[in-house]
Each structure stands twice: as C-alpha cells, then as structure tokens.
Amino acid sequence: MYRSTDVIGAEIAGALKNVFAIAAGMASGMDSGDNTRALLICRAIAEMTRLGVAMGGNPLTFAGLAGIGDLLATCISPLSRNRTVGEQLAAGRSIEEITAAMSMVAEGVKACGSVVELAEDHDVEMPDRREVDAS
C-alpha cells in the first residue's frame, strides 16, 4: 500500500481517468490499433497532469499509481464501466440508452461536464477531454 499527501492530485487523477477511459473505449469500439490507444493514453496523462498542476497538485502524483497506474487499468480493462460506455458510443448507441441499461455508474459520464468547467476556469487546454464531452 502506498499513501500520498497530494489530495488534490489524487482526486483530479481519479476523476479524469474515467473521462479518458471513455475515449479509450471509443477508440477500441472503432477498432483503432494499439498505437492509437497508446497515443490517447499518453495524451491523457499530459492533459490530466496539466489540469492537476494548475489546481495545485504535485506533478509526480500523475506519474505514479494514482495517475498512470489507475489510468492504464481503467483504459485497458474490459471490465471498466467507463471504457464500456465509450465502446457503446462508438457502436452508435446514445449516452441515454447506455446509462439506462447500466446497473452501475460510469463516473466519467457525469465528470465530463465538470472537467470542461475546471479546464476553462484554470485556462488549461484539454482537447481530448473536449472531444469526449462533445460525444
């Protein structure tokens, strides 16, 4: 077990990884290759770090378990609810259809709007997040 005193960084990383997992699911659902998914995950790390640091988080948090570790697990696992949402979006289902059929919550769906606001409030460019929110 590891612990951190960077509450802001851990919370931002924990929320944003869900948003980026939706994007990873969309890429998987469109049969993108491994290189495309790797690119998306690398950009996600950069975007989440920029926002987290702008909000007072420690950049090292995003390079550790709360950042890269959790992001990879959520973007890659076929059990990820957020990744599943992205796959379903890529298959042409609406977000309303997808969430109505789910028995559990996909946190990234609701987090998208908040992330949009936070990025704008802190003047942080997050193009990947913007695309997920537009879906």
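Colleague: Please clarify how the packing of helix α1 (residues 7-29) against helix α4 (residues 65-76) should be interpreted in this entry.
Modeller: The angle between the axes and the distance between the axes are what describe a pair of packed helices. Interhelical geometry of α1 versus α4 gives an angle of 30° and a closest axis separation of 9 Å. Taken as axis vectors, α1 and α4 run roughly parallel relative to one another. Pair α1 / α4 crosses with right-handed handedness. Here α1 contributes Ala10, Ala13, Lys17, Asn18, Phe20, Ala21 and Ala24 to the contact with α4, which in turn contributes Ala66, Gly67, Asp70, Leu71, Thr74 and Cys75. Across the contact of α1 with α4, the residue classes tally to 8 nonpolar, 3 polar and 2 charged.

Colleague: What is the right way to look at unusual backbone geometry in this model?
Modeller: In terms of backbone geometry, most residues other than glycine have negative phi values and most peptide bonds are trans. Residues other than glycine seldom take positive phi values, yet Asp31 does so here, at roughly 60°. Position of Asp31 among the secondary structure elements: in the loop between α1 and α2 (34-54).

Colleague: Is there a simple way to explain the environment of Ala13 in this structure?
Modeller: Within the secondary structure, Ala13 sits in helix α1. C-alpha separation for the pair Ala13 and Asn58, spaced 45 residues apart in sequence, amounts to 11 Å. Setting aside anything within four residues of it in sequence, one finds Ala13 in contact with Met48, Phe62, Ala66 and Gly67.

Colleague: Is there a simple way to think about the side chain of Ser32 in this case?
Modeller: Mapped onto the elements of the fold, Ser32 is located in the loop between α1 and α2. Residue classification places Ser32 among the buried residues on the basis of a relative accessible area of 19%. Leave out the neighbours within four places in its chain, and Ser32 touches Ala27 and Arg37.

Colleague: Whenever I open this one, the pattern of salt bridges confuses me. Can you help?
Modeller: As a working rule, side chains carrying opposite charge can pair if their charged atoms are close by. All told, the structure shown has 4 salt bridges when counted by the stated rule. For Lys17, the salt bridge identified is with Asp70, shortest N-O distance 3.7 Å. Separated by 53 residues along the polypeptide, Lys17 in helix α1 and Asp70 in helix α4 bring together distant segments of the chain. With a relative accessible area of 13%, Lys17 lands in the buried category. Looking at Asp70, the relative accessible area reads 28%, which means it is partly exposed. Of the charged contacts in the structure, one is a salt bridge between Arg37 and Asp34, with a shortest N-O distance of 2.5 Å. In this pair, Arg37 and Asp34 both sit in helix α2, 3 residues apart, roughly one turn of the helix. The exposure class assigned to Arg37 is partly exposed, which follows from its relative accessible area of 22%.

Definitions and limits used
- Residues numbered from 1 in each chain as written.
- Predicted model: local features only at pLDDT ≥ 70, side-chain atom pairs only at ≥ 80, totals over all residues.
- Heavy atoms only, no water.
- Axes fitted to C-alpha atoms, helices over the stretch in contact; angles between N-to-C directions.
- Helix = DSSP H or I, 4+ residues; strand = E, 2+ residues; numbered from the N terminus.
- Parallel < 35°, antiparallel > 145°, perpendicular 65-115°, else oblique.
- Left-handed = near helix turned anticlockwise from the far one by under 90°.
- Contact = heavy atoms within 4.5 Å.
- Nonpolar A, V, L, I, M, F, W, Y, C, P; charged D, E, K, R; others polar.
- Buried < 20%, exposed > 50% of the residue type's maximum accessible area, 1.4 Å probe, protein only.
- Salt bridge = Lys/Arg side-chain N within 4 Å of Asp/Glu carboxyl O.

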